Structure formats: structure tokens, C-alpha cells
Amino acid sequence: MWRANRSSDDFAVEPELVEPSEPVPGFAQASAVKPDTISFGVSGVELGNSAEPVWAEWRAELADLGGASALLHFVDSPRTRIELSTTHPGGLAQFITGKTTLLSSLIRDDVALRSARIAAAAVAAKGLELSTARGIDAVHLGIGIAEWRHDGIEYRAPVLLRPLAIRRAGREFEVKLKGSASLNPAFARALRDQFGLELDAEAFVALTVADGTFKPNPVIDRLRGLTSHLEWFTVSPRLVVSAFAEVAPALVADAADLSHPILDAIAGNPNAKRAIDEAYASVVPVPPDERSPQTDTLLLDADTEQEYVIAQITSGNSIVVKTLPGTGGTQTIVNAVGSLVAQNKRVLVVSARRASLTSIAQRLGDIGLPGLGVAPRSLRRDIIRS
């Protein structure tokens with residue numbers, strides 16, 4: 001139901017939008033207009049979607065996901081980070097060049113090494129959880145730690161981030177730098193919004209490379225110069241390994257535009273729900289014994305229930321399928337993807353767990369179609385393989 005809002009109290013009616021059979025002044029043809037573009041021709045009256053309050057609740061829930069951002073409110077405690085600021089020169093040189101390095105080669109003091117191993121176990125476990133369950137590669141080396149206060153709120157943020165791999169090797173831990181350094185996006189955003197300072201991400205990263213070696217000190221010096229006029233702003237030349245994750249901003253950005261019939265219906269818009277119900281046309285698949293082999297486009301074997309689900313998907317119906325583990329859910333997804341691709345369609349497969357996507361990719365590889373799907377984090381490799 002599309003809601004009409006008016007600022008004055010004498011307008012309390014919420015009329016449903018009715019498609020006129022004849023052109024009406026002030027209205028375009030119903031087939032060529034969206035409800036939110038229609039004007040009543042009355043000052044102070046606006047059209048809105050009745051799903052908007054639910055959308056606002058969704059965005060608020062997304063904004064709270066993950067709690068406080070570790071990119072701006074890093075918890076600096078011995079159990080949440082591995083401190084590498086005072087490491088052994090020999091181990092640090094090996095580590096900075098990107099070679100696999102034992103934690104004991106970086107930290108020679110027994111007491112400090114014991115604390116670092118405890119922290120490494122916690123960081124590795126958290127990184128594995130976020131990677132396998134949520135698809136988030138959170139473990140990074142934080143280069144430089146900035147601390148400041150704004151509007152009564154205290155901030156602590158890494159300046160640069162560089163991806164890092166950490167794994168257990170017996171009683172020891174190994175660490176290895178991956179990829180290149182990048183400016184902490186949340187830190188740059190905070191400085192712009194709070195102090196009007198625009199940081200050039202590429203220029204900052206370029207300062208870390210000198211004579212082919214990684215040197216973070218020029219970045220620290222540059223940032224100190226830019227923020228010397230700010231009270232309560234300090235930058236420490238530290239190297240810290242931790243799980244730096246920020247979940248909410250990207251999700252909120254994705255939810256900026258939720259105008260879609262399916263989302264409208266889920267949010268309670270009765271007109272959208274009615275339109276989807278009326279558009280649904282159940283399709284009965286032809287039994288395997290009665291159809292021609294040339295028409296069989298399934299990549300994997302499927303039972304009667306699975307074929308019914310695939311038939312609804314390929315016919316364009318919007319459905320929800322609930323399955324139990326071991327009942328062929330992944331198999332049905334692979335078959336649905338194959339059937340849609342056979343119709344020259346592109347398919348976006350999303351999941352709350354990276355393991356589920358990996359399983360689908362493996363099934364495609366098992367049947368000789370490893371290049372059928374590509375992932376954002378391995379796009380180049382997947383395209384070459386295809």
C-alpha cells in the first residue's frame with residue numbers, strides 16, 4: 001500500500017494507489033510510472049512506500065552489526081593484538097620482506113613471547129571464524145596507531161593496514177605478510193568528516209616504499225605533520241597484528257536503495273505481495289521417462305522434488321526453499337545455476353557462509369566446469385581458468 005503523507009493534521013487518509021483505466025490529469029499511464037514519481041498536485045502531500053519504516057529498521061540493524069568498528073575503536077589489550085613494535089632486527093627484516101616468519105624469531109623475550117602466543121591463538125581463531133563463516137579476511141598488520149578525541153568520543157585506529165596470514169605450527173605460530181599496504185578507509189573517512197582533512201591514500205602508501213623496501217616511518221611523520229594543530233591527536237609508530245574488521249558500513253551502503261518488489265513484499269507492502277502472488281504460475285516438470293534427452297539440461301542427478309524446485313526457478317517464479325543438511329541443497333543450486341546459464345542468464349549466488357560458496361564451486365569443478373563461476377576476491381584467476 002502506497003502511503004500519502006501530509007504535514008498538516010487534517011489529512012489522515014491513507015489511500016491505496018489505484019491504476020486508472022482512463023488517463024487522469026496529473027497522472028501518467030500506470031504502465032509507465034512509478035508510485036513514488038506521482039504527484040497529487042497538492043502542496044504538502046508526498047507519496048511514500050508503506051515498506052519504508054521496515055527498511056529503516058533493517059538499516060538500523062545492519063548499522064549495529066559487528067559492534068564498534070575495530071578500524072576506529074581498536075581494543076588495545078595484550079589478548080587482542082600481537083605487538084611487533086620492539087621485535088628482533090633479524091626476524092623483522094625477514095618478516096617485512098614478506099617471508100614466513102616464526103613468532104619466536106620476532107620476539108626473543110620469553111615473557112613477551114608467552115603473551116604473544118596467547119594473543120596469536122585468539123587472533124588466529126577470530127580470523128578463521130570470520131573468514132570461513134562470513135567471508136571476511138580480517139587479520140591485518142596495523143602500521144601506526146592514531147589516537148584522538150572528538151565530541152567526547154575516544155578513537156584509536158591503525159593508520160595503514162596490510163593483510164597478514166597467521167597459522168599454528170606445532171607449539172609455535174607463523175606469520176606472513178600478504179598483498180600490499182592500504183590506508184585505513186575508516187580512519188581517512190573520520191579525519192575528513194571530523195576535521196576536514198583529506199588524505200591521499202595512494203600518496204600515503206607510496207611513502208612506505210623506498211629503495212624497494214617497506215618503511216612505515218615516513219607515513220607516521222607525514223601524518224604527525226598534518227595533525228600537529230589538533231589537540232588530543234597522537235600517532236604512535238607501532239606494528240600491531242589483530243583482527244581489524246568493519247562490517248556495518250558496507251552493508252548499510254548496499255541497503256541504500258531497497259526499492260524492489262520482493263523486498264517491498266517482505267517488508268509488508270500488501271500491493272507488492274499481491275502482485276507477486278498473482279504473478280506466480282506453478283510449473284509441473286515433465287517426468288524423466290517422458291521427455292527427450294535433448295531437453296535435459298541438468299548438470300547433476302535430481303529427484304522429483306528437486307526437479308520441481310528447478311522448474312519453478314527456471315520459469316521465473318520467486319520461491320523460498322528450506323532444506324536439511326544432506327538433502328541435496330547444494331546439488332539443487334548447481335542444477336539451477338546450470339539451467340539458468342543455459343538460458344543465457346547471469347546468476348548471482350550469495351551466502352552468509354564462505355564454505356557454502358566454496359562447496360558450490362567445488363561441485364562445478366567436479367563436473368568439469370570450474371570456470372562457470374567467478375568470485376570477486378579471485379576474479380582474475382577465475383577468468384583465466386575459465
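Topic: the pairing of strand β6 (residues 153-169)
Next up, step 1: The pairing of strand β5 (residues 139-150) with β6 spans 10 bridges and is antiparallel. Following the sheet pairing, alanine 146 is matched in β6 by alanine 157.
Next up, step 2: Examined bridge by bridge, β6 and strand β7 (residues 172-177) share 6 bridges and lie antiparallel to one another. In the sheet register, arginine 167 faces β7, and the bridge partner there is glutamate 174.
Next up, step 3: Hairpin connection between β6 and β7: a loop of 2 residues separates the two successive antiparallel strands, and glycine 170 in this loop has a positive phi of roughly 70°.

Quick notes on the packing of helix α12 (residues 329-342) against helix α13 (residues 354-366)
Next up, step 1: In contact at an axis separation of 10 Å, α12 and α13 are set at 65° when each is read in the N-to-C sense. Our pair here, α12 against α13, has a crossing hand that is right-handed. Contacts from Thr330, Gln331, Ile333 and Val334 in α12 reach Ser359, Ile360, Arg363 and Leu364 in α13.

Quick word on the confidence of the model for the protein chain
Interpretation of the predicted coordinates at a detailed level should be avoided for regions scoring low in pLDDT.
Next up, step 1: Averaged over every residue, the pLDDT of the protein chain is 81; the share at 70 or more is 86%.
Next up, step 2: Here residues 1-33 scores under 50 on pLDDT; set against residues more than four positions off or in separate chains, the count is 49 contacts.

Here's the deal with the pattern of salt bridges
Next up, step 1: Inspection of every chain in the model, using the stated rule, returns 13 salt bridges.
Next up, step 2: Between aspartate 76 and arginine 81 there is a salt bridge, with the nearest N and O atoms lying 2.7 Å from each other.
Next up, step 3: Residue aspartate 76 is classed as partly exposed on the basis of its relative accessible area of 28%.
Next up, step 4: Exposure remark for arginine 81: the relative accessible area of 16% places this residue in the buried category.
Next up, step 5: We note a salt bridge from glutamate 129 to lysine 126, for which the minimum N-O separation is 3.8 Å. Of the two residues, glutamate 129 and lysine 126 both sit in helix α4 (residues 110-134), 3 residues apart, roughly one turn of that helix.

Calculation notes
- Residues numbered from 1 in each chain as written.
- Predicted model: local features only at pLDDT ≥ 70, side-chain atom pairs only at ≥ 80, totals over all residues.
- Heavy atoms only, no water.
- Pairing = 2+ DSSP bridges.
- Helix = DSSP H or I, 4+ residues; strand = E, 2+ residues; numbered from the N terminus.
- Axes fitted to C-alpha atoms, helices over the stretch in contact; angles between N-to-C directions.
- Left-handed = near helix turned anticlockwise from the far one by under 90°.
- Contact = heavy atoms within 4.5 Å.
- pLDDT = per-residue confidence, 0-100.
- Salt bridge = Lys/Arg side-chain N within 4 Å of Asp/Glu carboxyl O.
- Buried < 20%, exposed > 50% of the residue type's maximum accessible area, 1.4 Å probe, protein only.

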